[in-house]
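Each chain, letter by letter, is given below.
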Amino acid sequence: MLEIQSDLHTHTVASGHAYSTVDEMAKGAFINDIKLIAITDHGPKMPGGPHLYHFGNINVIPNKLYGVTILKGVEANILDEGRLDLENDMLKTLDFVSAGIHRQTGHTLKNKQDYTEATIKAMENPYLDMITHPVQKEYPVDLDIVAKAAAKNNVILELNASSYSTKKDSFRGIKSESIKLLKLAKKYGFQLAINSDAHFHKDIGDYSNLEFIFNSKHYDRNLIINRSQDSVLNYLRLREQRLKELKKTI
Ligand SMILES: [Zn+2]
Ligand SMILES: [Zn+2]
């Protein structure tokens, strides 16, 4: 059995710089023995990214394809003051909401303090489930502060396999910082996700670039929210309850 059986971060042709359709992604997951995927195309501020209608119409995609559970989500862009490039009215219709800081998306964040503050503000959004690639050379954050906020706001932090891809000229990740996340998850009690960030269907569930994580003495499978389909479905049940409570308070 696979160590990690689902993948909460994948891109389709809708992202503009990814190369597989939803159908191909589902087949790719099936072939790689991955039971559940989240389709998380980029938010509309990404150059070449989808129009808002993409998210408005996303429920035409079935909940299961080739036996693979499909969550309909987004990887929104974190902008100035931690705003996201989709409104909450849209976010609340999605199954899974992630967000990360990306280039050329219109933000004017400049330094570690800015990246850290924007990330924390984004985590205060009640619809946000996960921060993507919190460890990246280009946008360093104070991991200790981000980790505490993740625990407080019940947000998942990601260990991103594509950040360590050997297909690219250089990694965007920092191995020591990703290991630090393992330690912080234990210390503060937030959840991690191990995801491919696949931009092509063959890469779904390929976590081979994260061997250093699996081999770390700090690695604990129980901290990984997407270790199995059941662990994700359980998370989604708690999420639904949380959002119902929120509805009552507004
Ligand atoms: Zn990203
Ligand atoms: Zn991505």
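Counting starts from 1 at the beginning of each chain's written sequence and moves along it residue by residue. As they are written, the chains are lettered A onward and the ligands numbered 1 onward, keeping that order. Reporting in this predicted model follows two pLDDT cut-offs: at least 70 for local features of residues, and 80 or more for side-chain atom pairs to be given and counted; totals over whole chains, interfaces and linings ignore these cut-offs and use all residues. Heavy atoms from the whole structure form the basis of all side-chain values; hydrogens and water molecules are not counted.

- An unreviewed UniProt entry lists the protein chain under the name PHP domain protein, from Halanaerobium hydrogeniformans.

1. Here we look at the coordination of the zinc ion (ligand 2)
- We call an atom a donor if it is N, O or S and sits within 2.8 Å of the metal, or 3.2 Å for Na, K and Ca. Water is not counted, so some sites may look partial. Protein ligation of the zinc ion (ligand 2) involves His9 (NE2), His11 (NE2), Glu75 (OE) and Asp197 (OD), the donor distances falling in the range 2.0 to 2.3 Å.
- By the criteria applied here, four donors are tetrahedral when all angles lie between 85 and 135 degrees, four are square planar and six octahedral when opposite donors are over 155 degrees apart and every other angle lies between 65 and 115, and any other arrangement is irregular. Around the zinc ion (ligand 2) sit four donor atoms, and with donor-metal-donor angles ranging over 79 to 167° the site reads as irregular.
- Considered as a linear motif, the donors of the zinc ion (ligand 2) on their single chain read H-x1-H-x63-E-x121-D.
- The two metals, the zinc ion (ligand 2) and the zinc ion (ligand 1), are separated by 3.3 Å and share Glu75 as a common coordinating residue. Linking His9 in strand β1 (residues 6–10) with Asp197 in the loop between β8 (192–195) and α7 (211–214), this pair joins segments that are 188 residues apart in sequence.
- For every residue, the accessible area obtained with a 1.4 Å probe (protein chains only) is divided by the maximum for its type, and the residue is called buried under 20%, exposed over 50%, and partly exposed between those limits. Accessibility expressed as a relative area gives 0% for His9, which makes it buried. The helix and strand labels rest on DSSP assignments: H or I over at least four residues marks a helix, E over at least two residues marks a strand, and numbering proceeds from the N terminus.

2. Examining the nonpolar core
- Ile37, Met123, Leu157, Phe190, Leu192, Ile194 and Ile213 are the most contacted members of the largest nonpolar core, which totals 66 residues.
- Whether two residues touch is decided by their heavy atoms; if any such pair falls within 4.5 Å, the residues are in contact. If sequence neighbours within four positions are ignored, Met123 has contacts with Leu128, Ile131, Val146, Ala149, Ala150, Asn153, Val155 and Leu157.
- In plain words, nonpolar cores are sets of buried Ala, Val, Leu, Ile, Met, Phe, Trp, Tyr and Cys residues tied together by side-chain atoms within 4.5 Å. Ranked by size, the runner-up nonpolar core spans twelve residues in total, among them Leu8, Ala38, Val232 and Leu236.

3. Details of the pairing of strand β2 (residues 36–42)
- Across the seven residues that make up β2, a large majority, seven, are buried.
- Strands were regarded as paired on the criterion that DSSP finds at least two bridges between them. Summarising the sheet, β1 and β2 pair through three bridges and their orientation is parallel. Residue pairing in the sheet places Thr10 in a bridge with Ile39 of β2.
- Throughout, right-handed denotes a crossover for which the path from the first strand over the helix to the second runs clockwise when the strands point away from the viewer. Following the backbone out of β1, through helix α1 (residues 22–31) and into the adjacent parallel β2, one traces a crossover that is right-handed.
- Bridging between β2 and strand β4 (residues 68–77) involves seven bridges; their strand directions are parallel. Residue pairing for β4: Ile39 is matched across the bridge by Lys72.

4. Things to note about the pattern of salt bridges
- A side-chain nitrogen of Lys or Arg and a carboxyl oxygen of Asp or Glu constitute a salt bridge if their distance falls within 4 Å. As enumerated under the stated definition, the model contains twelve salt bridges in all.
- For the salt bridge of Arg172 with Asp197, the shortest nitrogen-to-oxygen distance reads 2.9 Å. In this pair, Arg172 sits in the loop between β7 (156–160) and α6 (175–188) while Asp197 sits in the loop between β8 and α7, placing the two residues 25 residues apart along the sequence.
- Taking the relative accessible area as the measure of exposure, Asp197 reaches 5% and is therefore buried.

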